[in-house]
2 protein chains.
Amino acid sequence: MSKIRSIVSAIALASSVSVASAWEALPTTAPAPANNPTTAEKVELGRILYHDPRLSSTGTVSCASCHNTMLGGEDNRPNSMGVNGQTGGRSAPTVWNSAFNEVQFWDGRAASLEDQAAGPVTNPIEMGMKNWDDVVARLKSIDGYQPYFEKAFGKNSISKDNATKAIAAYERTLITPNSAYDKFAKGDKKALSEQQIRGFNKVVELGCTGCHSGPAFNGPGTFQKFPVTSNPYLEKKYQFSKDKGLFEVTGKSGDEHLFKVPTLRNIALTAPYFHNGSVKTLESAVKIMAKLQLGATLNDAEAADIVAFLNGLTGEFPKQEMPVLPGTPGTSFY
Amino acid sequence: MSKIRSIVSAIALASSVSVASAWEALPTTAPAPANNPTTAEKVELGRILYHDPRLSSTGTVSCASCHNTMLGGEDNRPNSMGVNGQTGGRSAPTVWNSAFNEVQFWDGRAASLEDQAAGPVTNPIEMGMKNWDDVVARLKSIDGYQPYFEKAFGKNSISKDNATKAIAAYERTLITPNSAYDKFAKGDKKALSEQQIRGFNKVVELGCTGCHSGPAFNGPGTFQKFPVTSNPYLEKKYQFSKDKGLFEVTGKSGDEHLFKVPTLRNIALTAPYFHNGSVKTLESAVKIMAKLQLGATLNDAEAADIVAFLNGLTGEFPKQEMPVLPGTPGTSFY
C-alpha cells in the first residue's frame, strides 16, 4: 500500500496542476516494471492465460469474460457476472490502456497489473478458485502449458508469480492508438470535427482536465473523491456513495469515496458508467460528472459537444490472433 | 423433422455397412446448403456474431462460451453454464467439424447448422433472450452491425434468418485438418505410432466403426441407440438412460435413447464424455462404449491403444483473428 499512500498524497497537488498535458497522443508502448520486462514469449503466454476459462472454478469465466478485449475491454454490464451467475457491486474497468493506470481496480488497491491479475482468480464471486496453489496445480496438469512457461520463464516455472507476470505483459500490449484525438494531437487538424473541438474546449473550461488529463486522461493525481458534492436527487437515483472506494480497503479516515481516476479512452464503448455502472448513457454520465464534481449544469448542446469529443477518443484496436488454449488430453476438471 | 425421419430409417442399414470408409482424411472444406452458400462476408459476420455475448440476455454468454473455438470447440464441462449460472443436462458438443454432422444437437433435433444456431439464443437456460424479435432489435441498435450485414446480405438485412445463416457459414470454416490420422491416411505411414495403428485395428475389430466411420467418424447412420445393452452398475454410476435422446423431441415409440453419433475428431480435447458429460476420462469412455455398445470388455492395454489412436485424431486448429465486436456508442442493454 505504500505506493498507494504516496499517490494519494499527490492528490492535494492535483487542483493546482495546469492543463499542460492537453493534446497528448497515446504512447504506442507501455512502460514495464524492472522485474517484468515485456517479452514476446510472456505476451504469448499471457494472451493464452487471459483467455483461459479454466482459471475459474467452473471453467466458465476467464479474465476476458469481464474484460473482453473484443468488446471495448469490458463487458458492457453494470456489474460483472462471475462463476455460478454471481454478481458484485462494481463495473469492470476496461483492460485497454490499463497499462497507463498507476494503480488498478476502482479502489486502486493493486499497485500493478501483476498484482491486479492475481485478484479476480481467487475472488469467490469472480473466478472462484480456492487459492493460487489450486490454480498452479491445474495449470501444471495441462500438458500444453509447460512449453509456453518454459519459453517465457525457463524450466519448471509454472507459478502464480509467473502466470500473473505473463498476463500483465500481455495487458501492456493492449493499447489503442490512432483515435481521432490522437491524429489531431499529432497535427491532423481535420481529424476532429468542429463540434468535437468545441467539446474539448468545454472539457478544459469546465475543469474536467483537472483530473482527466495526460495521454490516457486519467491524471494527474491517481485518486479523486467521487462524488465531490452531494446531490440528494442523484444519490437516491444512482447510489454513488454506497461504495466508499479506497476506504473499503484501507478503513482510513480521509480515504472515503476515493476512486482511481478512470481513463476516458474508448469511453464511448464502455457503457454503463461509474464505479457501480448505474448510468446507462454517456450523455447522462457527462452531465452527472459536471454537476457532482464541478458544480456545473450542462445543457443538452454542451453535453452533446462533450460526448462528440469523447467519441473522438475511441482508438484502433490492434488485430489479435485468437489463442489455441493448450489441450488437456482426455481429462476434465469439473 | 422429415430429414431426421429419413436419417433414422437409415439406421437399420448401419450394421450391414462395411468399413469402406476407413482411412479417409478430413475434407478441407464443408458442403453448404443451396440457400446459404458460404461467402467471406458471411463468415466474417458470423465470426463476430458467434463471439458476441450481447446475443444473451445478460450479455455474458456467446455461442463461443459453450462452444469455445479456443478450447477444443466446447467448454470441457459435463454440462454447460448459461445465463445467471444455470446449467442444463447435456454436455456441449464441439463446434469444430460440426459441419460434417448431418444433424445437430445430441438429439439431432436440428437438421442444419442454421437451425441449430437459432436454438440456444432463446433457450432460457442457455442465452436467455426472450425471442428473436428482441435479438434482432438489439442487433439493429448496435450501429456497427449494419455494414457487416449489408456486405453479407444486402441493405436492411438484419434478421434472424441472416444472423443464423452467417453463424452457420462461419461454423462451416471450423475444420481441423492434418491430424496424425489424416497424414497417415494420405500416405505418411510414419504419422501414426505402432500403438496407434494397433488401436485403430482394435477399433475396427471391435466394430466401433459400425457407427464411427467416415472422415469425421460420425457415420454411417446418423442416429444410434445408446446404451445398446443395459448394465445396472454403469447405469447407476453414470445415469446414461435418464435422457431419452430423440424421444425427448418426438415422443415417438422407437426413438427412445437415440442420439446423434458424435464425431471422434479432437475427442482427446473434449472431456468429459457422453451426452451427459458424466465420464471424465477418455480411457473410461472407451471401455464403457465397448462394454455397452459392443459387449466387449477391454483390458487396460487395449484401451490405452485405442486412446493413443484417438489422440491421433486431434487436428490442426486454423489461426483465427479475434473479432472486434461492433461498438454500441454510449449505451448499455443490461
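Residues numbered from 1 in each chain as written. Chains lettered and ligands numbered in written order. Predicted model: local features only at pLDDT ≥ 70, side-chain atom pairs only at ≥ 80, totals over all residues. Heavy atoms only, no water.

## Here we look at the overall build of chain A
Across its full length, chain A holds 14 helices and 2 strands. Taken over the C-alpha trace, chain A has a radius of gyration of 20 Å; the compact-globule value for 334 residues is 20 Å, and the two agree within 12%. With respect to the three principal axes, the spread of C-alpha positions in chain A is 60 × 45 × 35 Å. By the burial criterion, 55% of the 334 residues in chain A qualify as buried. When the accessible area of chain A is evaluated, it comes to approximately 13,500 Å², of which 53% is carbon and sulfur surface. The average position of the 34 basic charges and that of the 32 acidic charges among the side chains of chain A differ by 2 Å. (Helix = DSSP H or I, 4+ residues; strand = E, 2+ residues; numbered from the N terminus. Rg over C-alpha atoms; globule rule 2.2 N^0.38 Å. Buried < 20%, exposed > 50% of the residue type's maximum accessible area, 1.4 Å probe, protein only. Areas by Shrake-Rupley, 256 points an atom, 1.4 Å probe, with all protein chains shown as cover. Lys, Arg positive; Asp, Glu negative; His and termini not counted. Charge placed at Lys NZ, Arg CZ, Asp CG, Glu CD.)

## Description of the interface of chain A and chain B
Listed by partner, the interface residues are 42 residues for chain A and 42 residues for chain B. With both chains or domains summed, chain A and chain B bury close to 3,500 Å², and 64% of this area falls on carbon and sulfur atoms. Viewed at the interface, chain B and chain A are joined by 0 salt bridges. Taken together, the residues that form the side of chain A that touches chain B break down as 19 nonpolar, 17 polar and 6 charged. (Contact = heavy atoms within 4.5 Å. Buried area = accessible area lost by both parts, 1.4 Å probe. Salt bridge = Lys/Arg side-chain N within 4 Å of Asp/Glu carboxyl O. Nonpolar A, V, L, I, M, F, W, Y, C, P; charged D, E, K, R; others polar.)

## Some words on the UniProt feature "domain: Cytochrome c" (unreviewed entry) in chain A
All names here are of chain A. Cross-referencing UniProt, the feature "domain: Cytochrome c" (unreviewed entry) maps to residues 41-175 and 194-314 in the present numbering. As annotated, residues 41-175 has a helix share of 40% and a strand share of 0%, and its two end C-alpha atoms lie 18 Å apart. As annotated, residues 194-314 has a helix share of 41% and a strand share of 5%, and its two end C-alpha atoms lie 17 Å apart. (UniProt positions renumbered as here; feature names shortened; annotations may be inferred.)

## Quick look at the confidence of the model for chain A
Within chain A, residue pLDDT values average 93, and 93% of them lie at 70 or more. Low confidence marks residues 4-21 of chain A, where pLDDT is under 50. Its contacts with residues over four positions away, or in another chain, come to 27 contacts. (pLDDT = per-residue confidence, 0-100.)

## Things to note about the packing of helix H3 (residues 40-50) of chain A against helix H8 (residues 160-171) of chain A
A pair of packed helices is characterised by two quantities: the angle between their axes and the separation of those axes. Residues and elements named next belong to chain A. Viewed as axis vectors pointing N to C, H3 and H8 meet at an angle of 100°, and their least axial separation amounts to 7 Å. What the angle tells us is that H3 and H8 run roughly perpendicular. In this structure, H3 contributes Lys42, Val43, Leu45, Gly46, Arg47, Leu49 and Tyr50 to the contact, and H8 contributes Ala163, Ala166, Ile167, Ala169, Tyr170 and Glu171. For the contact of H3 with H8, a count of residues per class yields 9 nonpolar, 1 polar and 3 charged. (Axes fitted to C-alpha atoms, helices over the stretch in contact; angles between N-to-C directions. Parallel < 35°, antiparallel > 145°, perpendicular 65-115°, else oblique.)

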